[in-house]
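In case you want the letters, here they are:
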Amino acid sequence: MSGEKISSNEAIDAALHLDGDPDHVKQFYEDWAKTYNIDTTGSEYTGPAIAANLLQQHLTNKNSELLDAGCGTGLVGVELQALGYSNLDGFDLSDSMVELAAATGAYRQVLGSIDMMRAAESYAAASYDAILSVGVFTLGHVPPEALQVLLKLTRAGGLLVISTRTHYYDQTNFQQVVDDLTSSKQAELIQLIKDAPYNNDGDGHYWVLRKTG
Ligand SMILES: C[S@@+](CC[C@H](N)C(=O)[O-])C[C@H]1O[C@@H](n2cnc3c(N)ncnc32)[C@H](O)[C@@H]1O
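Residues numbered from 1 in each chain as written. Predicted model: local features only at pLDDT ≥ 70, side-chain atom pairs only at ≥ 80, totals over all residues. Heavy atoms only, no water.

Concerning the pattern of salt bridges
Oppositely charged side chains may form a pair once their charged atoms are brought near each other.
Phase 1 of the analysis: Under the defined criterion, the tally for this structure stands at eight salt bridges.
Phase 2 of the analysis: Across the salt bridge formed by Asp95 and Lys26, the nearest N and O atoms sit 3.0 Å from each other. You can see Asp95 sitting in helix 5 (residues 95-103) and its partner Lys26 sitting in helix 2 (residues 22-42), a full 69 residues away along the chain.
Phase 3 of the analysis: Of the charged contacts, one joins Asp129 and Arg155 as a salt bridge, the two residues approaching to 3.0 Å between their closest N and O atoms. Taken together, the residues span a long stretch of sequence, with Asp129 in strand 4 (residues 128-137) and Arg155 in strand 5 (residues 154-165) at a distance of 26 residues.
Phase 4 of the analysis: Overall, Asp129 belongs to the partly exposed group, its relative accessible area being 23%. (Salt bridge = Lys/Arg side-chain N within 4 Å of Asp/Glu carboxyl O. Helix = DSSP H or I, 4+ residues; strand = E, 2+ residues; numbered from the N terminus. Buried < 20%, exposed > 50% of the residue type's maximum accessible area, 1.4 Å probe, protein only.)

Brief notes about the nonpolar core
Phase 1 of the analysis: Leu55, Phe137 and Leu147 are the most contacted members of the largest nonpolar core, which totals 69 residues.
Phase 2 of the analysis: Apart from the residues lying within four places of it in its own chain, the contact partners of Leu147 are Phe137, Leu160, Ile162, Phe174, Val177, Val178, Leu181 and Leu209. (Core = buried A, V, L, I, M, F, W, Y, C linked by side-chain atoms within 4.5 Å. Contact = heavy atoms within 4.5 Å.)

Looking at the site of the ligand
Phase 1 of the analysis: Residues in contact with the ligand amount to 22 residues; listed here are only the nearest, Tyr36, Tyr45, Gly70, Asp92 and Val134.
Phase 2 of the analysis: The separation between a nitrogen atom of the ligand and a polar main-chain atom of Leu93 is 3.3 Å.
Phase 3 of the analysis: Between a nitrogen atom of the ligand and a main-chain N or O atom of Ile114, the distance comes to 3.4 Å.
Phase 4 of the analysis: Its free accessible area being 590 Å², the ligand has 97% of it covered by the protein chains. (Near = heavy atom within 4 Å. Polar contact = N/O pair within 3.5 Å; in protein donor to acceptor, adjacent residues only side chain to side chain. Areas by Shrake-Rupley, 256 points an atom, 1.4 Å probe, with all protein chains shown as cover.)

What about the environment of Tyr169?
Phase 1 of the analysis: Residue position: Tyr169 is located in helix 7 (residues 166-171).
Phase 2 of the analysis: Setting aside its immediate chain neighbours within four residues, Tyr169 contacts Thr164, Phe174, Gln175, Lys194, His205 and Trp207.

As for the packing of helix 2 against helix 5
Phase 1 of the analysis: Where helix 2 meets helix 5, the closest approach of the two axes is 7 Å, and the angle between their N-to-C directions is 35°. On helix 5, the residues that touch Lys26, Tyr29, Glu30, Ala33 and Tyr36 of helix 2 are Asp95, Ser96, Met97 and Leu100.
Phase 2 of the analysis: Taken together, the residues of the contact of helix 2 with helix 5 sort by class into five nonpolar, one polar and three charged. (Axes fitted to C-alpha atoms, helices over the stretch in contact; angles between N-to-C directions. Nonpolar A, V, L, I, M, F, W, Y, C, P; charged D, E, K, R; others polar.)

Details of the packing of helix 3 (residues 47-58) against helix 4 (residues 75-82)
Phase 1 of the analysis: As a packed pair, helix 3 and helix 4 sit with axes 9 Å apart at the nearest point and diverge in direction by 40°. Overall, the two elements helix 3 and helix 4 adopt an arrangement that is oblique. Like other packed secondary-structure pairs, helix 3 and helix 4 cross with a definite hand, here right-handed. Of the residues in helix 4, those touching helix 3 at Pro48, Ala49, Ala52 and Leu55 are Leu75, Val76, Glu79 and Leu80. (Parallel < 35°, antiparallel > 145°, perpendicular 65-115°, else oblique. Left-handed = near helix turned anticlockwise from the far one by under 90°.)

Quick look at helix 3
Phase 1 of the analysis: For helix 3, built from 12 residues, the straight-helix expectation of 16 Å at 1.5 Å per residue is met to within 8% by its first-to-last C-alpha distance of 17 Å.
Phase 2 of the analysis: Those residues of helix 3 that fall on the buried side of the exposure criterion are Gly47, Pro48, Ala51, Ala52, Leu54 and Leu55. Taken around the axis of helix 3, the buried residues stretch over an arc of 160°, which confines them to a single face.
Phase 3 of the analysis: In this fold, the buried residues of helix 3 make contact with strand 1 (65-69), helix 4, strand 4, strand 5, strand 6 (187-199) and strand 7 (202-211). (Expected span 1.5 Å × (residues − 1). Arc of directions from axis to C-beta.)

A look at the sheet that holds strand 3 (residues 109-111)
Phase 1 of the analysis: A sheet is described by the order of its strands in space; here seven strands give the open sequence 3-2-1-4-5-7-6, paired in mixed fashion. Because the sheet does not close on itself, it has two edges, and the strands there are strand 3 and strand 6. Strand-to-strand, the axes of this sheet are offset by a mean angle of 15°, without reference to chain direction.
Phase 2 of the analysis: Relative to strand 3, strand 2 (residues 87-91) is paired through three bridges, and the arrangement is parallel. Bridge assignment links Phe91 to a residue of strand 3, and that residue is Leu111.
Phase 3 of the analysis: Most of the contacts of helix 8 (residues 174-183) go to strand 7, to which it runs at about 15°, and overall it touches strand 4, strand 5, strand 6 and strand 7. (Pairing = 2+ DSSP bridges.)

Given below as structure tokens:
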């Protein structure tokens, strides 16, 4: 990956230059956890609020079982709790991030040291009504194929709500992975908001997929 500057915030820029190796990503976030909320709030990070509101448009039952994949410090959980959702679990690679997520009180259960690509080893198939993943499908973090893993954990008729940074979408095969899931009728794309606010470095896309079957 090029060393070109992506973000004016030093920590966010370093995150976007990670190499996707789960050990490296985990260590990076263990170190960043304490100041993550300050850095992201300072960058006008709107991803969690937009994703939570999108979910509410499509899933009105507040007792639905939700999973926040790559929950970090719990910013998505806080938004979902404010909207009245109460059955929310979360996982993340980083234990320090997850500790902060647990401290928000927004989650029923949070697990650390979980790699999204191997999440099916820790969660039963078809066990959530909706899975959200915000800020994780981003450069240097997870490959687009992680979408397939999250879909497996989703119940038939359930939802995936995903953000993609614009440069991640442009530089990966994310669209191809979505096309494969829809053309094979495993999922249906029910909403896509392109070039919506994400943070003060640039825009993001927000995807809502429904698992078929
Ligand atoms: C930019 S933060 C986003 C956190 C949170 N969702 C938010 O919106 O604030 C990215 C998070 O993804 C997690 N992450 C990155 N790669 C991961 C992987 N392979 N499996 C699980 N979590 C991962 C990181 O540890 C970090 O907490």
